[in-house]
Amino acid sequence: MSDIPEHLLRRSAEAKAKALGIPVEQVLAEMTGEAPVTAMDAGDQPKVETVEAVPQTPAETSMPVAQDAPQTDAAVEVAAEEQAEATAAGPADGAGGEIDYEAAAAKAGMPASLLQRSVEAKAKASGASAAQVLAEMLGEEAPSAPPATAPAPESAPAASTPEPEPTADAVSADVIDMPPAAAAPAPATSAPAASAQPPATGGATAVAARPIAQPEAVPEGVRTQRLLTVVKANAIQQVKAEPTDKVSTWPHLMIMEFAVLLGVTALLIVLSVILQAPLLESANFTATPNPSKAPWYFLGLQELLSYFDPQIAGVTVPTIIGLVGFMAIPYVDKNPSNKPSDRKFAIFMYTFFMMGSATLTILGVLFRGPGFNFTYPWVDGIFFDDLKDWVNFE
Amino acid sequence: MANGIVDKVKEQATSIWGKVHGSQVAESILRPGSPFKKGYSDTPRNRSYVIMNNVLYHLHPVKVKRHGVRLSYTLCLGGISFFLFILLTITGIFLMFYYAPTAEAAYVDVEALSTSVAFGSLVRNMHRWGAHLMVLSVFLHMSRVFYHGAYKPPREFNWVVGVILLLLTLLLSFTGYLLPWDQLALWAVTVGTNMAGFVPVFGDQVKFALLGSVEVTGDTILRWYVLHVLAFPFIIVIFMAVHFWRVRKDGGISGPL
Ligand code: HEM
């Protein structure tokens with residue numbers, strides 16, 4: 001929220017407040033997250049922390065739990081969660097009956113389908129019932145009371161596995177990349193409840209215990225991956241653009257365009273009522289007017305023609321400079337800035353060129369008389385028939 | 001008594017209007033969100049629909065940058081060029097009804113516009129001054145774009161399209177210049193095409209292709225007429241479509257500075 005410009009936030013809050021009929025301050029507070037945190041938000045908190053904590057241990061991002069070094073809060077949290085889960089694991093007898101994933105999803109703040117999938121996977125893997133798994137995930141009290149002396153996450157796993165094969169440690173260490181010290185067998189601290197359960201999921205930490213608990217599913221020496229936790233994503237799309245200040249085309253732009261359209265039409269009608277378009281005598285091949293002038297937008301060229309060899313001014317100048325040169329401007333001007341202060345040279349060049357063309361055109365229109373010779377319009381009058389009917393010649 | 005009648009008429013009119021406005025025909029023409037639709041309300045959603053559900057969506061996005069809406073940024077010069085083109089098309093169609101592109105008829109027809117055609121003189125004036133204004137506004141638009149550096153990436157190609165539009169605008173204006181077939185038309189075009197005749201090597205061929213002859217003749221009128229009323233408008237409309245499309249696809253109006 002904080003990266004949205006203040007005035008945008010303000011405007012949108014005002015609009016929302018108007019639409020909902022509630023005070024602006026309230027909307028603003030909700031938008032900036034200052035409002036009292038709702039239950040759903042609170043449920044999100046640990047997960048968010050987890051996400052933020054992971055980058056702090058870059059080397060181990062894949063398995064933060066396995067960290068031997070002082071663990072981050074997040075890692076501890078995950079480990080604790082795992083452990084509670086393992087402790088509570090029991091036969092999946094479907095005791096919970098139908099589970100309301102919709103409600104649970106609302107609580108957890110994630111899509112129901114994702115939640116269901118993750119709960120079922122977890123339940124299948126641990127042998128616990130889905131209802132239990134779900135309860136743990138939501139941070140509720142687990143149906144079967146956890147042992148009073150829950151082992152610390154750091155404690156070594158696998159001490160009380162039903163099949164204490166020598167490979168057990170190797171597998172667990174392998175799976176979680178745990179330093180030998182941490183993986184070394186320790187006094188049996190695991191919960192009695194765990195060892196009593198048929199599917200034999202009695203690890204101190206679920207992380208280590210699970211691969212061992214299902215030896216038939218995981219062949220020796222094979223690395224396995226599993227879902228550590230489901231993290232709520234911020235958004236499906238990563239928005240990289242800065243928020244820009246935009247307005248609705250209707251009505252803001254279209255009203256403006258309509259006004260301009262009316263203005264242009266009105267101007268043209270008024271102009272056409274006042275000024276009569278020229279119509280001279282019928283075309284006559286034998287009576288060459290003196291001077292003969294091109295339309296005004298070519299008069300600058302005609303002026304140039306009177307200075308230079310026609311081979312140069314007639315075609316080379318307009319096509320090379322006028323067209324190819326103009327088209328090439330964006331590819332020649334590599335300066336990325338559009339600030340006038342950064343592009344003094346470009347602006348100078350363009351202005352120079354345009355002023356030059358305008359000067360030539362004005363010379364051609366006003367200062368050329370019979371024989372295309374130089375005249376002063378205030379002495380000899382204007383020789384330009386486009387203006388015939390509305391410029392006073394004398 | 002009189003008041004009673006007025007009220008009755010008003011009542012009737014309102015009820016008829018209500019029926020027409022809400023009829024199946026009106027509903028089928030006006031898409032959801034149209035401001036002309038019965039019961040339109042000014043909500044952000046409807047403001048979006050006005051554009052989105054409308055043929056205008058081909059021209060405008062639903063939202064535009066705030067600074068781009070300010071008249072002081074674009075000066076609406078591109079828009080003015082486009083409006084002038086539309087006005088020229090409308091007035092030009094009117095003129096076509098009264099004009100035959102032959103050496104015998106052309107001048108007489110144009111002369112008759114001022115004497116025997118209703119609004120003929122006004123429409124001809126509008127067409128002619130409108131053409132001059134369009135050349136002017138396209139030049140100014142180009143300058144506006146240049147001074148804003150609006151041709152810089154990703155808009156390089158739209159500048160190129162713009163230069164082609166400028167060329168086509170000049171060609172449209174120049175081909176129209178000949179059509180009244182008076183002394184001004186004949187000799188201005190003669191001077192202009194003489195300049196084109198200075199093309200190195202192919203000069204004479206270019207000039208011949210332009211004029212349909214070695215000099216400006218009656219045949220030139222037909223040739224330039226077809227170019228003026230059909231070929232160039234067709235081409236310029238296509239380039240305008242590309243131009244407007246690219247304005248949007250290149251991220252809308254450039255800037256702010
Ligand atoms: C028939 C002629 C033309 C028409 C009808 C036209 C129309 C338009 C319109 C309506 C716009 C939207 C922004 C505005 O109104 O300024 C625009 C933008 C633009 N035009 Fe044109 N134009 C024409 C000629 C040209 C020419 C001659 C050039 C340059 C050589 C050019 C280059 C551009 C560029 C680069 C933009 C994007 C500007 C920006 O993003 O700020 N156009 N044009």
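What counts and what doesn't
- Residues numbered from 1 in each chain as written.
- Chains lettered and ligands numbered in written order.
- Predicted model: local features only at pLDDT ≥ 70, side-chain atom pairs only at ≥ 80, totals over all residues.
- Heavy atoms only, no water.
- Contact = heavy atoms within 4.5 Å.
- Buried area = accessible area lost by both parts, 1.4 Å probe.
- Salt bridge = Lys/Arg side-chain N within 4 Å of Asp/Glu carboxyl O.
- Polar contact = N/O pair within 3.5 Å; in protein donor to acceptor, adjacent residues only side chain to side chain.
- Helix = DSSP H or I, 4+ residues; strand = E, 2+ residues; numbered from the N terminus.
- Donors = N, O, S within 2.8 Å, 3.2 Å for Na, K, Ca; no water.
- Tetrahedral: all angles 85-135°; square planar, octahedral: opposite > 155°, others 65-115°.
- Buried < 20%, exposed > 50% of the residue type's maximum accessible area, 1.4 Å probe, protein only.
- pLDDT = per-residue confidence, 0-100.
- Core = buried A, V, L, I, M, F, W, Y, C linked by side-chain atoms within 4.5 Å.

S.K.: Residue-level account of the interface of chain A and chain B, with values.
M.R.: In this complex, chain A contributes 74 residues to the contact, which on the side of chain B involves 74 residues. Carbon and sulfur atoms make up 71% of the area that chain A and chain B hide from each other, which totals about 7,000 Å². Among the residues of chain A in contact with chain B, Trp250(A), Leu279(A) and Tyr297(A) are the three that bury the most area, contributing 9% of the side total. There are two salt bridges connecting chain A and chain B. Asp245(A) is the partner of Arg66(B) in a salt bridge, and the nearest nitrogen-oxygen pair spans 3.2 Å. The tally of links from chain A across to chain B stands at 34 residue pairs in polar contact (both at pLDDT 80 or more). Broken down by secondary-structure element, the contributors of at least two residues to the side of chain A that touches chain B are strand 1 (246–248), helix 12 (249–274), helix 13 (296–307), helix 14 (310–332) and helix 15 (344–366) of chain A.

S.K.: Break down the coordination of the iron atom of the ligand for me, with residues and values.
M.R.: Residue and element names in this part refer to chain B. Taken together, the protein donors to the iron atom of the ligand comprise His141 (NE2) and His243 (NE2), at separations of 2.0 to 2.1 Å. Around the iron atom of the ligand, the six donor atoms sit at angles spanning 84 to 179°, and that spread fits a shape best called octahedral. Pair noted here: His141 is in helix 8 (residues 120–147) and His243 is in helix 12 (residues 218–249), with a separation of 102 residues, a long-range link. As far as burial versus exposure is concerned, His141 and His243 are alike and both buried.

S.K.: Requested: an account of the confidence of the model for chain B, with residues and values cited.
M.R.: Summing up the model confidence of chain B, the mean pLDDT is 89 and the portion of residues at 70 or higher is 98%. Listed scores for the predicted complex are pTM 0.65 and ipTM 0.88.

S.K.: Quick rundown of the nonpolar core? Include the residues and the values.
M.R.: Membership of the largest hydrophobic core comes to 37 residues, with the highest contact counts inside it found for Tyr297(A), Phe298(A), Phe384(A), Tyr99(B), Trp181(B) and Val216(B). Broken down by secondary-structure element, the contributors of at least two residues to this core are helix 13 of chain A together with helix 7 (106–116), helix 9 (156–178), helix 10 (183–196) and helix 12 of chain B. By residue number, the principal contributor to this core is helix 10 of chain B, which donates seven residues. Counting 36 residues, the second-largest nonpolar core is a separate cluster that includes Leu268(A), Leu275(A), Ala346(A) and Ala131(B).

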